[in-house]
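Spelled out from the first residue to the last, the chains are:
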Amino acid sequence: MTHDHLAAPDRGASRPFGRLLTAMVTPFTDDGSLDLDGAVRLAAHLVDEQGNDALVLNGTTGESPTTTDAEKETLIRAVVEAVGDRAKIVAGVGTNDTRHTIELAASAEKAGAHGLLVVTPYYNKPPQSGLLRHFTAVADATGLPIMLYDIPHRAGVAIATDTLVRLAEHGRIVAVKDAKGDLTATSWVLSRSDLAFYSGEDALTLPTLAVGGVGLVGTSTHFIGAPAKQMIEAFDAGDTATALGLHRRLLPLFTGIFRTQGVILVKAGLAAKGLPAGPVRPPLVDATADELAQLRADCAAAGLELPE
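Worth saying up front: this structure is predicted, and the values here are computed from it rather than measured. (Residues numbered from 1 in each chain as written. Predicted model: local features only at pLDDT ≥ 70, side-chain atom pairs only at ≥ 80, totals over all residues. Heavy atoms only, no water.)

Draft legend 1. Fine view of the packing of helix α2 (residues 69-83) against helix α3 (residues 98-111). Remark: α2 packs on α3, axes separated minimally by 9 Å, with the N-to-C direction vectors making an angle of 30 degrees. Here α3 runs roughly parallel to α2, going by the angle between their axes. Seen from above, α2 lies across α3 with right-handed handedness. Contacts between α2 and α3 involve Asp-69, Lys-72, Glu-73, Ile-76, Arg-77 and Val-80 from the former and His-100, Leu-104, Ser-107, Ala-108, Lys-110 and Ala-111 from the latter. Per-class residue counts for the contact of α2 with α3 are 5 nonpolar, 2 polar and 5 charged. (Axes fitted to C-alpha atoms, helices over the stretch in contact; angles between N-to-C directions. Helix = DSSP H or I, 4+ residues; strand = E, 2+ residues; numbered from the N terminus. Parallel < 35°, antiparallel > 145°, perpendicular 65-115°, else oblique. Left-handed = near helix turned anticlockwise from the far one by under 90°. Contact = heavy atoms within 4.5 Å. Nonpolar A, V, L, I, M, F, W, Y, C, P; charged D, E, K, R; others polar.)

Draft legend 2. Region of interest: the UniProt feature "active site" (unreviewed entry) in the protein. Residues given the UniProt feature "active site" (unreviewed entry) here are Tyr-149 and Lys-177. A compact arrangement is adopted by the annotated residues: their sequence extent is 29 residues, whereas the largest C-alpha distance between any two is 4.7 Å. Looking at the secondary structure, you find Tyr-149 in strand β5 (residues 146-150). With near-sequence residues (within four places) excluded, Tyr-149 lies in contact with Leu-117, Val-118, Val-119, Thr-120, Ile-159, Lys-177 and Ala-179. Note that Lys-177 resides in strand β6 (residues 173-178). A distance of 3.3 Å separates polar atoms of two side chains, one belonging to Lys-177 and the other to Tyr-149. (UniProt positions renumbered as here; feature names shortened; annotations may be inferred. Polar contact = N/O pair within 3.5 Å; in protein donor to acceptor, adjacent residues only side chain to side chain.)

Draft legend 3. Expanded view of helix α11 (residues 262-272). Among the 11 residues in α11, 9 count as buried, and that is most of the element. On its buried face, α11 is in contact with α1 (36-48), α9 (221-236), α10 (240-256) and α12 (289-301). Its side-chain oxygen 2.9 Å from the backbone nitrogen of Val-263, Gln-261 forms the N-cap of α11. (Buried < 20%, exposed > 50% of the residue type's maximum accessible area, 1.4 Å probe, protein only.)

Draft legend 4. Spatial organisation of unusual backbone geometry. Between Pro-282 and Pro-283 the backbone carries a cis peptide bond, its omega angle lying at 15 degrees. Inspection of the secondary structure assignment puts Pro-283 in the loop between α11 and α12. Phi angles above zero are rare outside glycine, and Glu-63 is one such case at about 60 degrees. Tracing the backbone through its elements, the reader meets Glu-63 in the loop between β2 (54-57) and α2. The phi dihedral of Tyr-123 is positive, around 75 degrees, even though this residue is not glycine. Accessibility expressed as a relative area gives 76% for Tyr-123, which makes it exposed.

Draft legend 5. A look at the confidence of the model for the protein. Model confidence for the protein is summarised by a mean pLDDT of 95, while 96% of its residues fall at 70 or above. Per-residue pLDDT stays below 50 along residues 1-13; that stretch engages in 25 contacts with residues further than four places along the chain or on separate chains. (pLDDT = per-residue confidence, 0-100.)

See the structure below:
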């Protein structure tokens with residue numbers, strides 16, 4: 001099914017989703033159910049206090065593997081209503097089933113999302129021709145702009161440079177969340193397409209900007225969104241010394257948030273700050289006391305105090 005009549009988003013904007021996005025955790029209540037009130041409060045904090053231009057909902061950091069389709073749609077509706085007038089809401093809809101991904105894309109569009117994050121199909125390891133077919137089918141089925149998510153260490157397969165360049169020809173495929181960790185490959189895609197590249201690895205934001213990237217989809221930015229955005233803005237303004245200083249200052253948390261699975265430490269840190277988080281769902285496990293102590297040390301090294 002195609003929707004060629006749907007208007008393509010404006011490709012003229014070099015930053016279709018702004019400079020700073022956070023892949024937001026999904027708050028749960030103590031019994032593990034969806035905490036919508038908490039999600040609304042956390043979204044407002046990330047936009048109004050941390051300076052996010054957009055939020056990614058229902059990504060891996062949002063525990064998408066263990067939330068239902070209905071929960072995903074409910075979450076999008078609530079957050080769009082709460083902050084959608086001052087930040088773009090990008091919905092993670094990627095699965096390893098093209099049909100299911102298209103269903104989630106339609107649901108997210110209906111719920112009011114402003115864009116879609118579509119990860120490489122994982123585990124079944126399709127060839128590049130399969131990736132091309134998958135992403136094109138999803139883009140054909142929606143009117144929303146799409147950010148591809150290239151994360152081979154989780155998906156098991158990378159989106160090849162030639163595949164990304166071909167996908168860039170689609171009017172609705174406008175951006176990439178780049179967690180490949182290969183700045184040479186990134187450079188080649190940027191030299192051959194007009195895709196907007198967002199770093200998908202917090203610590204590689206500055207190097208990604210240096211080869212033509214436009215911003216960050218972060219995890220540590222639940223806590224250090226404001227200085228991370230300041231780093232991006234300093235680089236944009238040509239003040240590379242300030243950008244480098246901020247990169248080095250924030251590095252302990254850019255990396256420390258991933259000492260275990262990112263959402264585990266984000267939820268522990270949010271709880272310490274009195275912000276909505278709640279437990280993680282199995283098979284994830286909540287942070288240990290030692291892990292929380294290490295997170296406090298990493299925060300302190302980055303100039304951030306995490307309350308006891």
